[in-house]
Each structure stands twice: as C-alpha cells, then as structure tokens.
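Okay, here's what each chain looks like letter by letter:
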Amino acid sequence: MEFGKTGRFWVWVYSSRVLVIASSVFLILGLFSIPLGLVWEHVILMLLGIRLFYSGVMWAQVPGYAGYYMPHPLLSISIAVLEISGGVLAILGSWLWVYVIALSGFIHASVYLYRRAIGSSPLKLPNILTLAGLLHSSLSLAAGLGPLYSISFPLLSACSLMVRVEPNINGYRISRPLLYTYIALSIASLALSPLIGVRSLVLIAGLVVIPLYKIKIGGVSLKLRVEDIYRLGSSIAKILGVLSMIVVLLGIRGVDYIHMSMIGFLAVIMASLCTPLLLPGIMGRAYRAKWVPIQSIVAIIGIARAIPTRSAEYWGWVELLALVTAALIMYIIYITLSSEKAL
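Just so you know, these numbers come straight off a predicted model, no measurement behind them.

> Help me get a handle on the overall build of the protein, residues and values and all.
Scanning the protein from terminus to terminus reveals 14 helices and zero strands. In sequence order, the protein lays out its α and β elements as α-α-α-α-α-α-α-α-α-α-α-α-α-α. Structurally, the protein occupies a C-alpha span of about 60 × 50 × 45 Å along its principal axes. Taking all 343 residues of the protein together, 55% fall into the buried category.

> Could you give an account of the pattern of salt bridges, with specific residues and numbers?
Inspection of the entire model under this criterion finds five salt bridges. Between Arg-231 and Asp-228 there is a salt bridge whose closest N-O contact spans 3.3 Å. With Arg-231 and Asp-228 both in helix α10 (residues 226-250) and three residues apart, the pair spans about one turn of that helix. Accessibility expressed as a relative area gives 1% for Asp-228, which makes it buried.

> Now, about the state of the cysteines: what can you tell me, with residues and values included?
Joining two cysteines, a disulfide is a covalent bond between their sulfur atoms. With the rule as written, the count across this model stands at zero disulfides. Cysteine Cys-159 shares no disulfide, and the gap to the nearest cysteine sulfur, in Cys-274, comes to 11 Å. The class for Cys-159 is buried, based on a relative accessible area of 0%. Owing to a relative accessible area of 0%, Cys-274 belongs among the buried residues under this scheme.

> Tell me about the packing of aromatic side chains, and please be specific about residues and values.
Tallying each qualifying case throughout the model produces seven aromatic pairs. With a centroid separation of 6.3 Å and 70° between ring planes, the pair formed by Tyr-69 and Tyr-114 is classed as edge-to-face. Remark: Tyr-114 occurs in helix α5 (residues 97-114) and Tyr-69 occurs in the loop between α3 (62-65) and α4 (73-91); sequence separation between them is 45 residues. Its relative accessible area of 13% is what places Tyr-69 among the buried residues. For Tyr-114, a relative accessible area of 62% corresponds to the exposed category. Note on Trp-95 and Tyr-99: the rings are 5.9 Å apart at their centroids and 90° apart in plane angle, and the pair reads as edge-to-face. Under the relative-accessibility criterion, Tyr-99 is labelled partly exposed at 42%.

> Go over the layout of surface pockets, please, and point to the residues and values.
The probe, sized like a water molecule, is rolled over the atoms to show the empty space still left. Taken as a whole, the largest pocket holds about 1,100 Å³ of empty space. Residue lining of the largest pocket: 48 residues in total, with Leu-27, Leu-31, Met-46, Thr-325 and Ile-329 positioned closest to the centre. For the lining of the largest pocket, the secondary-structure elements that each account for two or more residues are α1 (5-32), α2 (39-60), α11 (257-282), α12 (292-306), α13 (309-314) and α14 (317-337). In terms of residue count, α14 provides more of the lining of the largest pocket than any other element does, eleven residues in total. Counted by class, the lining of the largest pocket contains 34 nonpolar, ten polar and four charged residues. Counted as a void, the second largest pocket has a volume near 350 Å³. What lines the second largest pocket is a set of 14 residues, among which Pro-122, Val-163, Arg-164, Pro-167 and Ile-174 lie closest to the centre.

> Could you give an account of helix α8 (residues 176-196), naming the residues involved and the relevant values?
Across its 21 residues, α8 extends 29 Å between first and last C-alpha, which sits within 8% of the 30 Å expected from 1.5 Å per residue. A maximum bend of about 25° is found in α8 at Leu-190, where proline Pro-194 lies one to four positions downstream. Contacts made by the buried residues of α8 are with α6 (127-142), α7 (152-170) and α9 (199-207). Where α8 terminates, the next one or two residues include Gly-197, which has phi positive at roughly 100°.

> For unusual backbone geometry, give the residues involved together with the corresponding values.
The phi dihedral of Tyr-68 falls on the positive side, at around 60°, and the residue is not glycine. For Tyr-68, the position within the fold is in the loop between α3 and α4. With a phi angle near 50°, Arg-116 is a residue other than glycine that sits in the positive phi range. Its location among the elements puts Arg-116 in the loop between α5 and α6.

> Could you give me a rundown of empty space enclosed by the protein, with the residues and numbers involved?
Applying the stated rule across the entire model yields one cavity of 30 Å³ or more. One number sums up the size of the largest cavity: a volume of about 40 Å³. Ile-44, Leu-47, Leu-48, Arg-51, Trp-97, Ile-101, Pro-147 and Ser-150 are the residues that line the largest cavity. Mapped onto the lining of the largest cavity, the elements with two or more residues apiece are α2 and α5. With four residues, the top contributor of residues to the lining of the largest cavity is α2. Partitioned by chemical class, the residues of the lining of the largest cavity number six nonpolar, one polar and one charged.

Definitions and limits used
Residues numbered from 1 in each chain as written. Predicted model: local features only at pLDDT ≥ 70, side-chain atom pairs only at ≥ 80, totals over all residues. Heavy atoms only, no water. Helix = DSSP H or I, 4+ residues; strand = E, 2+ residues; numbered from the N terminus. Buried < 20%, exposed > 50% of the residue type's maximum accessible area, 1.4 Å probe, protein only. Salt bridge = Lys/Arg side-chain N within 4 Å of Asp/Glu carboxyl O. Disulfide = S-S within 2.5 Å. Phe/Tyr/Trp six-rings, centres within 6.5 Å; stacked < 30°, edge-to-face > 60°. 1 Å grid on protein atoms, 1.4 Å probe; cavity = no way out; pocket = protein on both sides within 12 Å on 5 of 7 lines; lining within 4 Å. Points joined across faces, edges and corners; volume = space filled by probe spheres on them. Nonpolar A, V, L, I, M, F, W, Y, C, P; charged D, E, K, R; others polar. Expected span 1.5 Å × (residues − 1). Bend = angle between axes of the 7 residues up to and from the residue. Contact = heavy atoms within 4.5 Å.

Here it is as structure tokens:
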C-alpha cells in the first residue's frame, strides 16, 4: 500500500484526533461510574482516558519533536488501534489489555529512537522525559505491576511539554544543569517505583519546579490570552505538585496524593496547556478563549478529592465532584467543536 505525503499527513492527523475523542469518552464513562459504585471501572477508565489523551497529544507532536518526520500511516493507525482496543479489552476484563497498551507504547517510543530524537539540544532534550515515560509505562504493564504505574507516561509527557512552553511564555531561560538534574531525578523515580510503589512517580510532578522554578501569574488578564491561561494553570499545578510530593515524602496519612497529583497537577496542565495551546490544532479548530476558570475549578476538585475519603463520602462529595468534572469535559468538547473550523 502506497501513501503519499498528503496521505501520511491526514492519517497522522486523524489518528491523533481519534485518540483525543476516545479519551473523552473513557473519561466521561469513568466519572459516571462513581455514582454507580463501580470503583474498579472508575480507576481503569480514568487511567486509560488520561493515557489516550496524552497518546493523541504526543503523537500529534512527533513531526515537530522528531526532526520533521511525518509518521508512516501504518504506525499512526497502529497507535490508534492498539490504544483504543487495549482500552476496550480492559473494560471487558481481559488481561490482554496490558500487553496491547504496552505494545503501543513501545511502538511510540521506537519513533524517537529510530529518528535519533534523543539528545542534548533544546529540541531533543525534553524527548528524554517522554521516552522514559513510554518505556516505563510499557515495561510496568508488561511486567504486571498494575495499571497505576502507567501514569508515568502522562506525567512525564506533561512535564516535557511544560519544559518546552514555559520559557517562551514566562520569559526566562531554563538552566541546562537544572534540567539535567530533573531528568536524572525523574528517571531515578521511575527506577525506584517497582521497589517503593506508585508514590515514587508522584515525585515527578513535584520535582518539575527544579528547572521551572518561576511562578508568574502577574500577567493574567481578563483578555483570556493563551499565555495568561498557561501562567495561571502552571502556577497552580506546580504548587499542588509540590504539595503532593511533600505528602509522599512526609508520609502524611489521610491525604490522597494520587488524586492530588493526577487532578491537581496533571489535569490542571491538561486544562491550561494541552487544551488551549494544542487541542485546537489537533482538532483542526480555531482557538476560542474560554478556558480561564477551568483550571482553577479543576484545582479545587483535586484538593477536595484529596481530603480524607470518609469525610468526602459522608458528604457525597466524590459523586458531586465526578459530575462537575464530567460537565467540564463536556464543556471543553462543546467549545472546541463549536469553534471555527481551521483544518
């Protein structure tokens, strides 16, 4: 089967779009599973939803991050099919899903290796984080360590995107030694995870303040510019990432550091970086500046979800927070799809 340059482009674009759309479906189903009392379904659907979102977002960045390489259509199709079919197998309760998702991660990682996209240049250095997350999540799943270990890929992908975006938006240069230090500590956290558990992965979110040490929110305005949205969101995410790390390091009981880091850090970055800066381009839509309150609401949800579980269940907060989060996702879908078509 022959594919021209145009064919490669459209298959790549639609593969990324399909993954992002599928992630929304998984996330909404995962949130609605909470009021139904389906705990395992909630866990697996949310993890897969986040995974599919970052698979779509990071696959869409491959040409820019791997030497202007447009992925072969068979690779794009394979990533989309494996990620989604792996998710369906997980929902159906088949143990094969871990190997299907792991295979997708290995294929994704192979592109960075094949294209020699790992190096010390400003373009290639953040790719080390993405590659480390892909390999760790795939190896962890294949080794049977459990689905929670798959969060390494979204976490490190989000951090790699922050490393690329923040210097331009916040107006400062990242110290190369500090970035190398962060990369080394992140890889050490990955290596320690089979020994000390998922809590070592939470350190990745908190440690990102080593290279990205500046918090700048003074430029936030009511004009809803994308840089203002990112400044506010990244500041919130860094603070909650550090708090999650402190909870882990001090062994503070009763605080759900998984939800604090997954919602307070990762979901806030999704709402303040991926959604306004990357999602419109992936979906072929013009940007509509309607995102400002979202990351603040998400942060509040992350904090509320991290409080002692008994109190949250007593007041019905978990169910309420799930429904609010689902409403936010559907609002983002509406804003994106109702905006002007650009591609």
